[in-house]
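Listed here are the chains, written in short residue letters.
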Amino acid sequence: MTDSNLMEKIVSLCKRRGFIFPGSEIYGGLAGTFDYGPYGVVLKENVERLWLQMFRDSRDDMYGVDAAILMNPKVWEASGHVAGFSDPLAECKKCKKRFRADHLDDAKKCPECKGALGDVRQFNMMFKTHAGAMEDDSATVYLRPETAGGIFTNFKNVIDSLHPKLPFGIAQIGKAFRNEIAPRDFIFRLRELEQMEVEYFIHPSEWEHAFEEWRKVMHFFAEAIGLPQNMIHELEVEDKDRAHYSKRTIDFEFEYPFGRKELWGLAYRGDFDLSAHETNSKVELKYLDEATGEKFTPHVIEPSLGVDRTILAILTSAYREDDMGADVRTYLALAPKIAPVKAMVSPLLKNKPELALKAREVRAELQKIHPAIAWDDNGNIGKRYRRQDEIGTPFCITIDFDTLGEKPELKDTVTLRHRDTGEQERLTVAKVAERIRTAIQ
Ligand code: GAP
């Protein structure tokens, strides 16, 4: 399978099985936007829940916020985004199409119509809109380009309300918007994206230690969501390529089918943001260490994880095809923890009420472990398995006449079928429940 073929297959599976759809599809779509469908949204929530557990809830030094997307435009002036959040753009004089200049092989010729390209200019990637009825410059607001802005502006609120001691951090999951010149590669480069970000506030002398700690947490998270460690590569970002606020950045790159590309970032933002917001807002954003009497501007370590790129890494690395001779079995080898459906229960035959009754009972029993236990009695059993394989359901459970006691020694046992191997075993419902509980822990 070629890599472009693999992307086509994943895009098609996502649409066919209700994971991800093109945004505004019935109107021909809108570039750089996608909608998560019924299974996609649950997969995304499972990933986000794990992130919240690992980055916020299991720690005593972490707090959450959910800040407004629309913020006072002074936030983005202070953060440097109004002046510096731009990509180099070249416009074709003939077809008027616009391209990212740093992605072009020939800086003078249009890659599509071969017309002449104009001069390169900086294109600010923030989406602009207007707050209220006025549409003049005084009403301009921006859709946030990173969730971090809403964290820095709440630094003082968290200190004043909860009085945390340094080091501490603030975590947030939310949408961010970037008017990318060339959105592409499915959900890799979007105009509307979602981020899971932490701003971790530290004494300046602690930055290297904190950087290493968060680096480890990011790898643990990758493992928890089932990303193969050998597909993740760290890249030390050179001075010239770092964002304007960063003193050190490591990109976590992933081997996507279209190449090794940035998945997540870990940055040392120094005191850039708090100092800039203090200067511009005239509100003091310092920390007083009551033990030593030292007052200073905390420095910041920022693990920043794009949700959509995470989902794409999960889907592309979990996609499998088994050659079964006559046909091909497709399945997603998702980690059970993040799989949208944990198990499917079905009666062997549809038109036997006694089987359905028992199967419903078994399902209710398993739902005590996790609610996402699906029911399927459509078509033959093989087809039901294939449907679940494609959405990454780790277990399928079938209830037959032996479950009802046709063979007395098998009464109350069921068939448990494993997604990755197709292997089946005969177990009691209690044992099946135990298997599911262990797998999703
Ligand atoms: N607050 C820091 C920040 O926003 P970034 O490297 O620009 O840093 C962080 O973005 C992460 O957000 C990236 O590593 C990536 O996962 C995700 N991301 C950035 N731009 C994206 C886009 N256009 N589409 C999808 N995800 C994107």
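Residues numbered from 1 in each chain as written. Predicted model: local features only at pLDDT ≥ 70, side-chain atom pairs only at ≥ 80, totals over all residues. Heavy atoms only, no water.

(A) Representation of the overall build of the protein in the model. Within the protein one finds 13 helices and 24 strands. Seen through its principal axes, the protein has C-alpha atoms that stretch 80 × 65 × 45 Å. In the protein, which comprises 441 residues, the proportion classed as buried is 50%. In the protein, the share of contacts with a sequence separation of at least 24, taken over all contacts with a separation of at least 6, comes to 64%. The distance from the centre of the 63 positive side-chain charges to the centre of the 72 negative ones in the protein is 5 Å. (Helix = DSSP H or I, 4+ residues; strand = E, 2+ residues; numbered from the N terminus. Buried < 20%, exposed > 50% of the residue type's maximum accessible area, 1.4 Å probe, protein only. Contact = heavy atoms within 4.5 Å. Lys, Arg positive; Asp, Glu negative; His and termini not counted. Charge placed at Lys NZ, Arg CZ, Asp CG, Glu CD.)

(B) Focus on the pattern of salt bridges. Enumeration according to the criterion identifies 40 salt bridges in this entry. With a shortest N-O distance of 2.6 Å, Asp57 and Arg56 are connected by a salt bridge. For Asp57, a relative accessible area of 48% gives the class partly exposed. Looking at Arg56, the relative accessible area reads 25%, which means it is partly exposed. Where Arg386 meets Asp327, a salt bridge forms, and the shortest distance between an N and an O atom there is 3.0 Å. Pair noted here: Arg386 is in helix α11 (residues 381-391) and Asp327 is in the loop between β18 (319-323) and β19 (328-332), with a separation of 59 residues, a long-range link. One continuous salt-bridge network, built from bridges that share partners, spans Glu146, Arg269, Asp273 and Glu302. (Salt bridge = Lys/Arg side-chain N within 4 Å of Asp/Glu carboxyl O.)

(C) Quick look at the environment of Lys247. Its location among the elements puts Lys247 in the loop between β12 (232-236) and β13 (248-256). Considered as a pair, Lys247 and Asp271 are 24 residues apart in the sequence and their alpha carbons are 9.9 Å apart. In this structure Lys247 touches Arg242, Tyr268 and Gly270, once residues within four positions along its chain are discounted.

(D) Just the pairing of strand β17 (residues 299-306), in detail. Among the 8 residues of β17, 8 are classified as buried, and the element is accordingly described as predominantly covered. Side-chain alternation along β17 places His299, Ile301, Pro303 and Leu305 on one buried face and Val300, Glu302, Ser304 and Gly306 on a second face that is also buried. Taken together, the 6 bridges between strand β11 (residues 192-202) and β17 define a ladder with antiparallel strand orientation. Bridged to Glu197 within β17 is Ser304. Note that strand β14 (residues 259-270) and β17 share 6 bridges and pair antiparallel. Counted as the bridge partner of Gly265 is Ser304 from β17. (Pairing = 2+ DSSP bridges.)

(E) Focus on the site of the ligand. Around the ligand, 19 residues are found, and the nearest of them are Glu146, Arg178, Glu197, Glu262 and Leu263. Contact between the ligand and Arg178: an oxygen atom at 2.7 Å from a side-chain N or O atom of the residue. Glu197 is positioned such that a nitrogen or oxygen atom in its side chain is 2.4 Å from a nitrogen atom of the ligand. Within the complex, the protein chains bury 91% of what would otherwise be the 560 Å² of accessible surface of the ligand. With respect to the pocket detection grid, the ligand is positioned in the largest pocket. Broken down by secondary-structure element, the contributors of at least two residues to the shell around the ligand are β11, β14 and β17. Here the shell around the ligand takes 5 residues from β14, the largest share from any one element. Its residues assigned to classes, the shell around the ligand shows 6 nonpolar, 4 polar and 9 charged. (Near = heavy atom within 4 Å. Polar contact = N/O pair within 3.5 Å; in protein donor to acceptor, adjacent residues only side chain to side chain. Areas by Shrake-Rupley, 256 points an atom, 1.4 Å probe, with all protein chains shown as cover. 1 Å grid on protein atoms, 1.4 Å probe; cavity = no way out; pocket = protein on both sides within 12 Å on 5 of 7 lines; lining within 4 Å. Sits in = over half its atoms within 2 Å of the grid points. Nonpolar A, V, L, I, M, F, W, Y, C, P; charged D, E, K, R; others polar.)

(F) Representation of the nonpolar core in the model. One finds Trp51, Phe55, Trp214, Phe221, Leu227, Trp264 and Ile301 to be the most contacted residues of the largest nonpolar core, which totals 67 residues. At 9 residues, helix α7 (residues 207-224) tops the list of elements feeding residues into this core. Counting residues domain by domain, this core receives three or more from each of domain 1 (3-71 + 144-316) and domain 2 (341-440). Listed in part, the 20 residues of the second largest apolar core include Leu355, Phe395, Leu416 and Ile436. (Core = buried A, V, L, I, M, F, W, Y, C linked by side-chain atoms within 4.5 Å. Domains from an automatic or database assignment.)

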